[in-house]
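Listed below, chain by chain, are the residues.
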Amino acid sequence: MGAPGTVPTRPDLILASSSPRRLDLLGRIGVTPDRVQPMEVDETPLKTELPRALAIRLAAAKAMAGAALMPDALVLAADTVVGLGRRILGKPADEAEAARFLGLLSGRRHRVMTAVCLAHPGGRRTARLVTTILAFQRLTPAQIDDHVASGEWRGVAGGYQIQKRAEMYVRFLSGSHSNVVGLPLFETTQLLRGAGWLRP
């Protein structure tokens, strides 16, 4: 406990993600991590693993990997998974897979799930899972071709970024928009407040 009148120091906040979208989203709520330290983990789904379970497992794995390296810090990690029924639509490997994903999403509802995990000094973890339901309009072959040509599918789950041109195809959305971008801001704020990093 510090001397009377002193302000207790808070631990460093580490963002365990290479996603520029997550860093931008944190900036929108006035949060600047002390350090950005991506954690590389094998993102291959386990056999019969469902989208929800995959998101939770990967976010926890990234947070724990960061905590092992920086045990005195708060480590914020997240993982976003696009689920079409029981099927997981990950990051497309190439243009052909990006086009296939868009064809699968065309005219159908799907779910975007982001698990957010915060590793605390001392080994405690807190987490949230957020699900947003979306539906695309029925896409024409020309629309799919244009989207693939844009390159916006690269490195993102499901092969689209809602904050870019794909938003014009979204005819229905229920839930958190920032979750679809990659980090649900309300739930992330609650985790940081609960850790004492943000003021209530």
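Structural data are supplied above this passage.
Here is what the cut-offs are and how they apply
Residues numbered from 1 in each chain as written. Predicted model: local features only at pLDDT ≥ 70, side-chain atom pairs only at ≥ 80, totals over all residues. Heavy atoms only, no water. Phe/Tyr/Trp six-rings, centres within 6.5 Å; stacked < 30°, edge-to-face > 60°. Helix = DSSP H or I, 4+ residues; strand = E, 2+ residues; numbered from the N terminus. Buried < 20%, exposed > 50% of the residue type's maximum accessible area, 1.4 Å probe, protein only. Lys NZ or Arg CZ within 6 Å of the ring centre and 35° of its normal. Pairing = 2+ DSSP bridges. Axes fitted to C-alpha atoms, helices over the stretch in contact; angles between N-to-C directions. Parallel < 35°, antiparallel > 145°, perpendicular 65-115°, else oblique. Left-handed = near helix turned anticlockwise from the far one by under 90°. Contact = heavy atoms within 4.5 Å. Nonpolar A, V, L, I, M, F, W, Y, C, P; charged D, E, K, R; others polar. Salt bridge = Lys/Arg side-chain N within 4 Å of Asp/Glu carboxyl O. Expected span 1.5 Å × (residues − 1). Arc of directions from axis to C-beta. Core = buried A, V, L, I, M, F, W, Y, C linked by side-chain atoms within 4.5 Å. Polar contact = N/O pair within 3.5 Å; in protein donor to acceptor, adjacent residues only side chain to side chain.

Enquirer: Explanation requested: the packing of aromatic side chains in the structure shown.
Expert: Centre distance and the angle of the planes are the two values used to describe a pair of aromatic rings. Across all of its chains, the model carries one aromatic pair by this definition. Seen in terms of ring centroids, phenylalanine 136 and tyrosine 160 are 4.8 Å apart; in terms of plane orientation they differ by 65°. Their pairing is edge-to-face. Within this pair, whereas phenylalanine 136 is found in strand E6 (residues 125–136), its partner tyrosine 160 is found in the loop between helix H4 (141–150) and strand E7 (170–174), the two being separated by 24 residues in sequence. Each member of the pair phenylalanine 136 and tyrosine 160 is classed as buried. Sitting over the face of the ring of tryptophan 197, arginine 10 holds its NZ or CZ atom 3.7 Å from the ring centroid. The ring of phenylalanine 172 carries arginine 109 above its face, with NZ or CZ at 4.0 Å from the centroid.

Enquirer: What is the right way to read the pairing of E6 from this model?
Expert: The side chains of a regular strand alternate, residue by residue, between the two faces of the sheet. Examined bridge by bridge, strand E5 (residues 109–119) and E6 share eleven bridges and lie antiparallel to one another. Bridging across to E6, valine 116 finds its partner in arginine 128. Linking E5 to E6, which pair antiparallel, is a turn of five residues; within it glycine 122 sits at a positive phi near 100°. Of the pairings in the sheet, the one linking E6 to E7 comprises four bridges and is antiparallel in character. Following the sheet pairing, leucine 134 is matched in E7 by leucine 173.

Enquirer: So what exactly am I meant to see when it comes to the packing of helix H3 (residues 95–105) against H4 here?
Expert: Packed helix pairs are characterised by how far apart their axes lie and by the angle those axes make with each other. Across the interface, H3 lies against H4 with an axial gap of 10 Å and an inter-helix angle of 135°. Of the possible angle classes, the one that applies to H3 and H4 is oblique. Here H3 and H4 pass one another in a crossing that is right-handed. Residues Glu95, Ala98, Ala99, Leu102 and Gly103 of H3 form the contact with H4, whose participating residues are Ile144, His147 and Val148. Of the residues in the contact of H3 with H4, the class split is five nonpolar, two polar and one charged.

Enquirer: Quick question: what am I supposed to make of the pattern of salt bridges here?
Expert: Between side chains of opposite charge, a pair can form when the charged atoms approach closely. Counted according to the given criterion, the structure contains seven salt bridges. Here arginine 28 ties to aspartate 24 by a salt bridge, and the two come within 3.4 Å at their closest N and O atoms. Remark: aspartate 24 and arginine 28 occur in helix H1 (residues 20–28); sequence separation between them is four residues, near one turn of the helix. The exposure class assigned to arginine 28 is exposed, which follows from its relative accessible area of 55%. The class of aspartate 24 is partly exposed, set by a relative accessible area of 43%. Each of the salt bridges in this network shares a partner with another, and the network as a whole consists of Glu43, Lys62, Asp79 and Lys91.

Enquirer: Quick question: what am I supposed to make of helix H2 (residues 51–69) here?
Expert: The α-helix advances 3.6 residues per turn, and as a result positions three or four apart in sequence lie on the same side. Between its first and last C-alpha, H2 extends 28 Å over 19 residues, near the 27 Å set by a 1.5 Å rise per residue. Of all the residues in H2, the buried ones are Pro51, Leu54, Ala55, Leu58, Ala59, Ala60, Lys62, Ala63 and Gly66. Check the buried side of H2 and you find it contacts strand E3 (74–84), strand E4 (87–89), E5 and E6.

Enquirer: What exactly am I supposed to notice about H4 here?
Expert: When H4 is considered as a whole, its buried residues turn out to be Ile144, His147 and Val148. For H4, the arc enclosing every buried residue in end-on projection is 100°, short of the 170-degree limit, so these residues lie on one face. At its buried positions, H4 is contacted by H3.

Enquirer: Mind showing me how you'd approach the nonpolar core here?
Expert: Burial of nonpolar side chains together is a common tendency in soluble globular proteins. Ranked by internal contacts, the top residues of the largest apolar core, which has 38 residues, are Leu13 and Tyr160. Setting aside anything within four residues of it in sequence, one finds leucine 13 in contact with Val31, Pro33, Asp34, Arg35, Leu74, Leu76, Leu118, Leu192 and Trp197. The next biggest cluster of nonpolar side chains, apart from the first, holds 17 residues, and it includes Ala16, Ala59, Ala73 and Ala115.

Enquirer: Mind showing me how you'd approach the side chain of glutamine 161 here?
Expert: By the element assignment, glutamine 161 lies in the loop between H4 and E7. With relative accessibility at 9%, the residue glutamine 161 sits in the buried group. Side-chain polar atoms of glutamine 161 contact the backbone oxygen of glutamate 152, separated by 2.9 Å. With sequence-adjacent residues up to four places away left out, glutamine 161 is seen in contact with Arg21, Glu152, Val156, Ala166 and Glu167.

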